[in-house]
Structures are given as C-alpha cells and as structure tokens.
Amino acid sequence: MLTLASKLKREEGVGAGRTHAGSNDASHRVSIRDRLLIKEVAELEVNLPNTCKVTFPDENKLCHFQLAISPDEGYYLGGKFQFEIEVPEAYNMVPPKVKCLTRIWHPNIAETGEICLSLLREHSIDGTGWAPTRTLKDVVWGLNSLFTDLLNFDDPLNIDAAEHHLRDKEDFRNKVQDFIKNYAR
C-alpha cells in the first residue's frame with residue numbers, strides 16, 4: 001500500500017517538473033480508481049472492525065484484496081471467512097465485486113460464494129444499493145454485519161439455509177458449526 005502511495009507522490013513530483021510535451025505521457029498516469037483507493041485503503045486501515053483483517057496479495061494493486069472475517073458472536077462465532085474483493089476500473093460509479101471464498105451455510109451467501117448485500121447491488125429498488133458516495137469501508141462493515149445484525153432470513157439468497165433456520169433453529173446452528181469445522185478454520 002505504501003509502495004503505490006510513494007510511487008504516486010514521486011510521479012506527482014516528477015510531473016510537476018515535466019515540460020508540456022512530456023505531460024501527455026499516458027503510461028505514467030494513475031487512474032481515478034487508484035487515487036480513490038489510496039485514500040480509502042488508508043481510511044479503512046484506521047476504521048477496520050476488530051473482527052476483520054485485510055490482506056493485499058500485491059501491495060501495488062489496491063484494486064484486488066482479501067478480507068478475513070472472524071465473527072465474535074452469533075451463529076458464526078469461531079469461524080474464519082475469506083472474501084475476495086475486486087475493485088473495477090469504473091469504481092466508484094460501480095460497486096466492488098465480492099465473492100466469499102469459504103464454503104458457508106448462510107441465508108445471504110450462496111454455497112458458490114455469491115453474496116446478497118444491498119450495497120453491493122448497482123441498482124436497488126429500496127434505494128440502499130451502491131452509490132458513488134459509498135466507500136470500501138462501507139463494503140467491509142456491510143460484509144462484517146452479515147454475520148450479526150444484517151443476517152437476513154426474510155430475503156435470502158440461499159433459500160435452503162433460510163428455510164432450514166425457520167424449521168429448526170438448533171439444527172441450523174449445528175449445520176453452521178459443521179460448515180465452520182470443515183471449511184472455516
């Protein structure tokens with residue numbers, strides 16, 4: 001992260017000393033997305049929930065990172081859930097793409113990794129979908145909340161998990177714990 005920020009500062013310093021003809025060199029330009037990400041990642045590191053950890057496979061690519069969530073309460077206590085977050089070039093006009101890499105029994109996360117979280121929707125009927133004013137911090141806090149207060153059995157993506165909870169809460173809890181034991185350690 002610091003590597004990309006340092007690179008930007010060096011380029012801005014070099015850019016200030018360039019001649020007019022050199023200022024059209026597109027190979028040295030940094031995208032709007034990358035400039036936003038530098039600021040948002042710094043803010044995210046300061047405001048990260050204590051149940052979350054962010055890692056960057058390549059510190060020079062802030063547009064691709066992983067998030068580990070280890071819930072400290074509720075059904076998913078004791079599990080460690082990995083998410084992959086890809087920030088598209090059109091960010092912040094479109095939301096990041098998020099996938100759960102850990103197999104999980106959850107009403108709002110499909111076993112294939114798709115996630116039902118309104119702020120990740122580009123268009124939302126209820127008005128709570130993505131907006132250019134949202135940030136990576138909102139995404140991380142929203143994903144973290146899927147394990148506590150945003151756990152939604154009434155509007156599920158994984159209908160089988162939601163119906164299982166309605167039928168037998170204790171058996172649902174047991175199945176969640178089995179998934180944690182087998183996939184989320």
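Residues numbered from 1 in each chain as written. Predicted model: local features only at pLDDT ≥ 70, side-chain atom pairs only at ≥ 80, totals over all residues. Heavy atoms only, no water.

Novice: For the overall build of the protein, give the residues involved together with the corresponding values.
Specialist: Tallying secondary structure elements over the protein gives five helices and four strands in all. Along its sequence from the N terminus, the protein presents helices and strands in the succession α-α-β-β-β-β-α-α-α. Classification of the 185 residues of the protein by burial places 42% in the buried group. Restricting to contacts in the protein with at least 6 residues of sequence separation, those with at least 24 account for 57%. Carbon and sulfur atoms make up 51% of the accessible area of the protein, which totals about 10,400 Å². (Helix = DSSP H or I, 4+ residues; strand = E, 2+ residues; numbered from the N terminus. Buried < 20%, exposed > 50% of the residue type's maximum accessible area, 1.4 Å probe, protein only. Contact = heavy atoms within 4.5 Å. Areas by Shrake-Rupley, 256 points an atom, 1.4 Å probe, with all protein chains shown as cover.)

Novice: Can you tell me about helix 5 (residues 169-183), naming the residues and giving the values?
Specialist: Between its first and last C-alpha atoms helix 5 spans 21 Å; for 15 residues at 1.5 Å apiece the expected length is 21 Å, and the two agree. Buried within helix 5 we find Phe 172, Val 176, Phe 179 and Ile 180. Within helix 5, the buried residues cover an arc of 100° as seen down the axis, which keeps them to one side. Turned more than 90 degrees away from the buried face of helix 5, the exposed residues are Lys 181 and Asn 182. Contacts from the buried residues of helix 5 go to strand 3 (81-86) and helix 4 (159-167). (Expected span 1.5 Å × (residues − 1). Arc of directions from axis to C-beta.)

Novice: Describe the side chain of His 164, and please don't skip the residues or the numbers.
Specialist: With respect to the helices and strands, the residue His 164 is situated in helix 4. Discounting residues that sit within four places of it in the chain, His 164 has contacts with Trp 105, Asp 171, Phe 172 and Lys 175.

Novice: Give a detailed account of the environment of Tyr 76, specifying residues and quantitative values.
Specialist: The topology assignment puts Tyr 76 in the loop between strand 2 (64-69) and strand 3. Measuring from C-alpha to C-alpha, the distance between Tyr 76 and His 106 comes to 9.2 Å, with 30 residues separating the pair along the chain. With near-sequence residues (within four places) excluded, Tyr 76 lies in contact with Pro 71, Phe 81, Ile 104, Trp 105, His 106, Pro 107, Phe 147, Leu 151, Phe 172, Val 176 and Ile 180. Among the polar contacts listed, one links the side chain of Tyr 76 to the backbone oxygen of Trp 105, at a separation of 2.7 Å. (Polar contact = N/O pair within 3.5 Å; in protein donor to acceptor, adjacent residues only side chain to side chain.)

Novice: Which residues make up the pairing of strand 1 (residues 52-55), and what are the values?
Specialist: On strand 1, burial follows the alternation: Cys 52 and Val 54 on one face are buried, whereas Lys 53 and Thr 55 on the facing-out side are not. Pairing of strand 1 with strand 2, which is carried by four bridges, proceeds in the antiparallel orientation. Across the sheet, Cys 52 pairs through a bridge with Ile 69, a residue of strand 2. (Pairing = 2+ DSSP bridges.)

Novice: Mind laying out the pattern of salt bridges, listing which residues take part and the relevant values?
Specialist: This structure, assessed with the given rule, holds four salt bridges. Note that Asp 34 is salt-bridged to Arg 33, the shortest N-O span being 3.2 Å. A single burial state applies to Asp 34 and to Arg 33, both of which are buried. A salt bridge links Arg 33 to Glu 89, with the nearest nitrogen and oxygen atoms 3.3 Å apart. Taken together, the residues Arg 33 in helix 2 (residues 32-46) and Glu 89 in the loop between strand 3 and strand 4 (97-100) connect sequence positions 56 residues apart. Taking the relative accessible area as the measure of exposure, Arg 33 reaches 11% and is therefore buried. Salt bridges here are not isolated pairs; linked through shared partners, they connect Arg 33, Asp 34 and Glu 89. (Salt bridge = Lys/Arg side-chain N within 4 Å of Asp/Glu carboxyl O.)

Novice: Go over the environment of Glu 73 with me, naming the residues and quoting the values.
Specialist: By secondary structure assignment, the location of Glu 73 is in the loop between strand 2 and strand 3. The spatial distance from the C-alpha of Glu 73 to the C-alpha of Phe 147 is 8.2 Å, given a sequence separation of 74 residues. Ignoring anything within four residues of it in the chain, the contact list for Glu 73 reads Phe 147 and Thr 148.

Novice: Describe the pairing of strand 2, and please don't skip the residues or the numbers.
Specialist: Of the strand pairs in this sheet, strand 2 and strand 3 are connected by six bridges, and their pairing is antiparallel. By the bridge assignment, Ala 68 is partnered in strand 3 with Gln 82.

Novice: Which residues make up the UniProt feature "active site" (unreviewed entry) in the protein, and what values go with them?
Specialist: When the UniProt feature table is mapped onto this chain, "active site" (unreviewed entry) is found at Cys 116. For Cys 116, the location among the structural elements is in the loop between strand 4 and helix 3 (136-145). (UniProt positions renumbered as here; feature names shortened; annotations may be inferred.)

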